[in-house]
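Coordinate analysis (summary)
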Amino acid sequence: MFTFLKKDKETTKTKSQLVAVQNGTLVKVENLPDPMFAEKILGDGFAILPNNDGIVVSPADATVEEVQDTLHAYCLHTNDGLDILVHIGINTVSLNGEGFKSKVKKGQNIKAGDTLAIVDLNLIESKGLPTYTIVLITNVDKLKNFTICNNKEVKSGETIVINYNI
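Fair warning: this is a prediction, and the values are worked out from it, not measured in the lab.

Each value, and the rule that gives it
- Counting restarts for each chain: residues are numbered from 1 in the order of the written sequence.
- Local features in a predicted model are, by the rule used here, given only for residues with pLDDT of at least 70; side-chain atom pairs are given and counted only at 80 or more, and totals for whole chains, interfaces and linings are based on all residues.
- The side-chain numbers reported here are obtained from all heavy atoms of the structure, hydrogens and water having been left aside.
- Runs of H or I in DSSP of at least four residues are treated as helices and runs of E of at least two as strands, each being numbered from the N terminus.
- Polar contacts, as used here, are pairs of N or O atoms within 3.5 Å; protein pairs need one atom able to donate a hydrogen and one able to accept it. Residues neighboring in sequence count only if both atoms are side-chain atoms.
- The contact definition used throughout considers only heavy atoms, calling two residues in contact when any of these lie within 4.5 Å.
- Relative accessible area decides the class of each residue, using a 1.4 Å probe on protein chains only: under 20% of the type maximum gives buried, over 50% gives exposed, and in between gives partly exposed.
- For salt bridges, the criterion is a side-chain nitrogen of Lys or Arg within 4 Å of an Asp or Glu carboxyl oxygen.
- Note on pairing: DSSP must find at least two bridges between two strands before they are called paired.
- Throughout, an axis means a line fitted to C-alpha atoms (over the contacting stretch in the case of helices), and angles, computed between N-to-C directions, take values from 0 to 180 degrees.
- A score between 0 and 100, pLDDT records how confident the predictor is in each residue.

1. Brief notes about the side chain of H72
Mapped onto the elements, H72 comes out in the loop between β5 (62–67) and β6 (73–78). Within the local environment of H72, its side chain forms a polar contact with the side chain of H87, the two groups lying 3.4 Å apart. Not counting residues within four places of it along the chain, the set of residues in contact with H72 comprises V86, H87, I88, T92, V93 and F100.

2. A short note on the side chain of D44
Counting through the fold element by element, D44 comes out in strand β3 (residues 44–50). D44 gets classed as buried once you look at its relative accessible area, which sits at 16%. Side chain to side chain, D44 and K40 meet in a polar contact 3.4 Å long. In this view, D44 contacts V29, V135, L136, I137, V140 and F146; residues no more than four positions away in its chain are not counted.

3. Observations concerning the pattern of salt bridges
Opposite charge on two side chains permits pairing when their charged atoms draw close. For the coordinates displayed, the defined rule picks out two salt bridges. Across the pair K40 and E30 runs a salt bridge, and its minimum N-O distance is 3.4 Å. A residue pair is termed long-range when its members are at least 10 positions apart, and K40 in the loop between α2 (35–38) and β3 and E30 in the loop between β2 (24–28) and α2 qualify at 10 residues. Of the residues examined, K40 reaches a relative accessible area of 34% and is grouped as partly exposed. Among the charged side chains, a salt-bridge network with shared partners connects E30, K40 and D44.

4. A closer look at the sheet that holds β5
Strand order in this open sheet of eight strands is β9-β5-β6-β7-β11-β3-β2-β13, and the pairing throughout is antiparallel. Both edges of this open sheet fall to β9 (109–110) and β13 (153–154), since each of them pairs with a single strand only. Examined bridge by bridge, β5 and β6 share five bridges and lie antiparallel to one another. When the sheet's bridge partners are listed, A62 is paired in β6 with T78.

5. Overview of the sheet that holds strand β10 (residues 115–119)
Spatially, β4-β10-β8 is the arrangement adopted by the three strands of the open sheet, whose pairing is antiparallel. Looking at strand neighbours, the two that pair on one side only are β4 (55–57) and β8 (100–102), the edges of this open sheet. Across this sheet, the average inter-strand angle for adjacent strands is 20°, counted without regard to direction. Here β8 runs beside β10; their pairing, made up of three bridges, is antiparallel. Along β10, the bridge assignment pairs F100 with V119.

6. Side note on the confidence of the model for the protein chain
Summing up the model confidence of the protein chain, the mean pLDDT is 89 and the portion of residues at 70 or higher is 89%. For residues 1–14, every residue scores under 50 in pLDDT, and the model assigns this stretch nine contacts once sequence neighbours within four places are set aside.

7. Describing the pairing of β3
Judged by how many residues are buried, β3 sits mostly within the fold: six of seven residues are covered. Relative to β3, β2 is paired through five bridges, and the arrangement is antiparallel. By the bridge assignment for β3, G24 is matched with P50. The pairing of β3 with strand β11 (residues 133–137) spans five bridges and is classified as antiparallel. Bridging across to β11, F46 finds its partner in V135.

Pasting the structure below:
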């Protein structure tokens, strides 16, 4: 009788968002210079070519599931069920952690915009490696759809992915 008082579960899930992890230029993953990302083998999402001081923030409220020993990649599980990979740079695993400072640890609960890592972008560039930070939804098969904003220049913490449905 009072159906207006009931929450529609599908409606609440469509309000989920992911935010930019750095200041910079938004790039489609299919345009990245690495086939593993460009062919969406690990998942789908977005990348940012940073133009800031190297602070990388969380794209969502989540739990840190994994911090790679080399500190270049972070696996997150969002409160609404997404598995997200934040990968800093391309081929940066070869740096063995040089130039990376993690600000989180496995099992830690974080909010969108919390600092994940601080990265020496100049070091990465000096090694001839691309500085893109890639944000992939690795369980994209659980999504019914998602929309990436068309902004070219983004600011850290600004909404990038909106209205995804799980």
